[in-house]
Each structure stands twice: as structure tokens, then as C-alpha cells.
Amino acid sequence: MNSLVEKIKELKKEKNAVILAHCYQNVEIDEVADFVGDSLYLSRKAKETDADIIVFAGVSFMAETAKLLSPNKKVLLPRLEAGCFMANMINIDQLREFKSLHPNVPAVCYVNSTAAIKAECEVCCTSSNALNVVKNLGVSEVLFLPDTYLGKWVESKLDGVKVTTYNGFCPTHLRVTPEDMDKAREEYPNAKILAHPECHMKVSEKADYVGSTKEIMEYVAKSDEKEFVICTEKGVLDRLQRDYKDKTFYLLKDSLVCSNMKWNTLDDIYNALLREEHEIVLDETVSQKAMACINKMFEITRPVLAR
Ligand code: 13P
Ligand code: SF4
């Protein structure tokens, strides 16, 4: 076995650390990860863990979310450069201006946002629970930020809820065009086309299935189909190809790579854990408010138990 992998595993044991990896990470990171999944799944794992240290192989908003959910734990981001283009598209002044244009309308923020932004929003959501969060708020209008496309997709699925969106977007997912989808249909007529809701609405409308990264992987796991076109980050394709040797996968286009997600390497994980460096530290007041925003997401999406 790779000796670096062995060394990371030993360090994890020694320091009572857990490694959470997003499915857009370089695929070799899965060898040392305790949990691999999408942002909702990893948030749950960050909340539940009794480890002393969480190494978050992902981007900064994900590590911040882990810190908010496990404030007494040390949370490390292997590479501090790993930000998110979409999360950086809105700052506090822009948020306040957006809210002031729509007074008294609750603001729903996508988890792809900084802690400071979450602190000034009503409730958070991820791509896998955005529909439920907005539906369960029980209001006729919401503001949605920063991703305009996830917001529009939610609106298209809910009857009678107006979703006013901020103009942020994911540059990676916006590389998918409706023309690419038509071409893929022609080239792979037997394939199911699976897309992430951060894609343009015209793309989502043409897809056979729209879901978060983990939902896309679950769709494949349950499907009897043999061919799939993947319209999300390449990490999903890499894991599907690794796990389902009897199925064929095509990445819609080669440029579906998030450069931020690819910063972290096994070396970075080893160094961060060894030196306990790149720790996430958040302002106390911001944390309290941002935590309330995230906790509300868990509260309003909690399954109702049968009596
Ligand atoms: P998921 O919620 O599917 O993990 O997506 C996070 C993300 O950054 C997608 O670009
Ligand atoms: Fe952010 Fe897009 Fe990268 Fe996701 S894929 S982390 S939304 S830049």
C-alpha cells in the first residue's frame, strides 16, 4: 500500500482525527477518507463525529460549516487556497443591498456561502435539500442566494412559491450548455443524462435526472441502465467509473473540473494533520448567528416520525 496513505492513517489514529472528503476531490483522497459524499452528507458527519480533529478535504465554505457544526473540534482545511468561486460572488454589502430591495422576504442561503453570509440569512440549504427547505418554510416568497440556477430550479419544482434569486453562479457547472446536451443525446442515445442543479435551467430541463452529487451517485446505484452522461464535476465520474465497472460513463465535457476542489493532495492532508495547520477560526458572534441558520435547515427538514 502507498506509504503516504499508511502514514496518514496512523496519524489519524494517533490524533483521533477524521477525514471528510467531498466527491469532487482528487479520487485518491478516498483511500484515507472516513466519509465521502456531498455537502449535506458531510455536514451531518461533521455534526455527529466524536473525533478531536476534522480534516476537511473540500473547499473553505465546507470546512467552515464543519466548524459551525462542531465548534469544539479543531477543523483543518489542507489547502487554504481552496475557496469557491460562487461563494465569493456575494459579500456582506451585496447581501444587505439584495435584502433591502426585498424587505421582509426570508433569505435562504445555499451552503456554498461564507459563515458571515449565513449569519445574516434565515435558513441554509444544500443542493440535496433545497426543495424541502423552501417548501417547509411555508411562505409564498423567498430570496435565494448566491446561486441563481439552484434557486430557479427550486422555483420550477414548487407550485406557488416565488423565488427571487441573487445573480451568483458556479463557473464549472455553467460550462454545460443546452447544445452540449443535444450533442450528447445524439452521440449516446441509450445513455441517461444526469445533471447538478447548479447547471443552467435550460440544461436541467433537458436532463433525465437532476440531483446533488450524492443523489447522482445514488441514482446510478439504483438504476438498471448501463450508460450515463455526467453533467457535474469530474470527481463524480471518477468515482462512478471506479465503483461500477459494468457500466459506462461519459463526462459531458472535459472542462467539468473545479480547480478549487482539486487543490488538496494527499501530501497536503498529511502536512495539515501532522502540523495541525490551516485551522478554521471563526468570529464568535458570526458563528452564533451562522449556526442558527444551519440548525434551522436541520430542524425544518427533520423527518416527521410516524405515531
Ligand atoms: P453538493 O451539494 O452536491 O455537494 O454540491 C456542492 C458543490 O459545491 C457543487 O458545486
Ligand atoms: Fe464552488 Fe462550483 Fe467549485 Fe462547487 S464546483 S466548489 S460551486 S466553484
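Since we're looking at a predicted model, the values are computed, not measured.

It is worth spelling out the site of ligand 2 at this point. Surrounding ligand 2, one finds Y24, C84, F85, N112, C170, E198, C258 and M261. Partitioning the shell around ligand 2 into residue classes produces six nonpolar, one polar and one charged.

Once that is clear, we can look at the site of ligand 1. The full set of residues close to ligand 1 is H22, Y24, D38, S39, Y110, N112, S127, H173, H196, E198, S212 and T213. Between ligand 1 and the protein, one listed contact pairs an oxygen atom with a side-chain N or O atom of S127 at 2.7 Å. In the model, an oxygen atom of ligand 1 is placed 2.8 Å from a nitrogen or oxygen of the E198 side chain. Calculation on ligand 1 without its partners gives an accessible area of 300 Å², and the protein chains cover 96% of this total. Per-class residue counts for the shell around ligand 1 are two nonpolar, eight polar and two charged.

Ordered by their spatial adjacency, four strands build an open sheet running β2-β1-β3-β4, and the pairing between neighbours is parallel. Bordering the open sheet on either side are β2 (35-37) and β4 (74-76), each of which pairs with just one other strand. Strand-to-strand, the axes of this sheet are offset by a mean angle of 20°, without reference to chain direction. Direction of pairing for strand β1 (residues 17-22) relative to strand β3 (residues 53-57): parallel, over a ladder of five bridges. Bridging from a neighbouring strand, V18 pairs with I54 of β3.

A few words now on the sheet that holds strand β5 (residues 107-110). Taken in spatial order, the four strands make up an open sheet running β6-β5-β7-β8, and their pairing is parallel. Among the strands making up the open sheet, the edge pair consists of β6 (123-125) and β8 (162-165). Neighbour to neighbour, the strand axes of the sheet diverge by 30° on average, direction disregarded. As judged from the four bridges shared by strand β7 (residues 141-145) and β8, these two strands associate in the parallel manner. Its bridge partner lying in β8, E141 is registered against K162. Sitting on the sheet, helix α7 (residues 148-157) is in contact with β5, β7 and β8, with an inclination near 170° to β8.

Looking now at the packing of helix α1 (residues 3-15) against helix α12 (residues 266-275). Interaxial distance between α1 and α12 falls to 10 Å at its minimum, and their mutual angle equals 30°. Judged on the interaxial angle alone, α12 and α1 are roughly parallel. Along this stretch, α1 crosses α12, giving a crossing that reads as left-handed. Contacts between α1 and α12 pair L4, V5, K7, I8, L11, K12 and K15 from the former with L266, D267, I269, Y270, L273 and L274 from the latter. Each residue belonging to the contact of α1 with α12 can be placed in one class, and the counts come to nine nonpolar, no polar and four charged.

Moving on to the packing of helix α3 (residues 60-69) against helix α13 (residues 284-300). Helix-helix packing is described using two parameters, namely the angle between the two axes and the distance between the axes. Where α3 contacts α13, the axes come no closer than 9 Å and their chain directions differ by 90°. When the axes of α3 and α13 are compared, the pair comes out roughly perpendicular. Every residue of α13 that contacts α3 at T65, L68 and L69 is listed here: S287, A290, M291, I294, N295 and F298. Its residues assigned to classes, the contact of α3 with α13 comprises six nonpolar, three polar and no charged.

Definitions and limits used
Residues numbered from 1 in each chain as written. Chains lettered and ligands numbered in written order. Predicted model: local features only at pLDDT ≥ 70, side-chain atom pairs only at ≥ 80, totals over all residues. Heavy atoms only, no water. Near = heavy atom within 4 Å. Nonpolar A, V, L, I, M, F, W, Y, C, P; charged D, E, K, R; others polar. Polar contact = N/O pair within 3.5 Å; in protein donor to acceptor, adjacent residues only side chain to side chain. Areas by Shrake-Rupley, 256 points an atom, 1.4 Å probe, with all protein chains shown as cover. Pairing = 2+ DSSP bridges. Helix = DSSP H or I, 4+ residues; strand = E, 2+ residues; numbered from the N terminus. Axes fitted to C-alpha atoms, helices over the stretch in contact; angles between N-to-C directions. Contact = heavy atoms within 4.5 Å. Parallel < 35°, antiparallel > 145°, perpendicular 65-115°, else oblique. Left-handed = near helix turned anticlockwise from the far one by under 90°.

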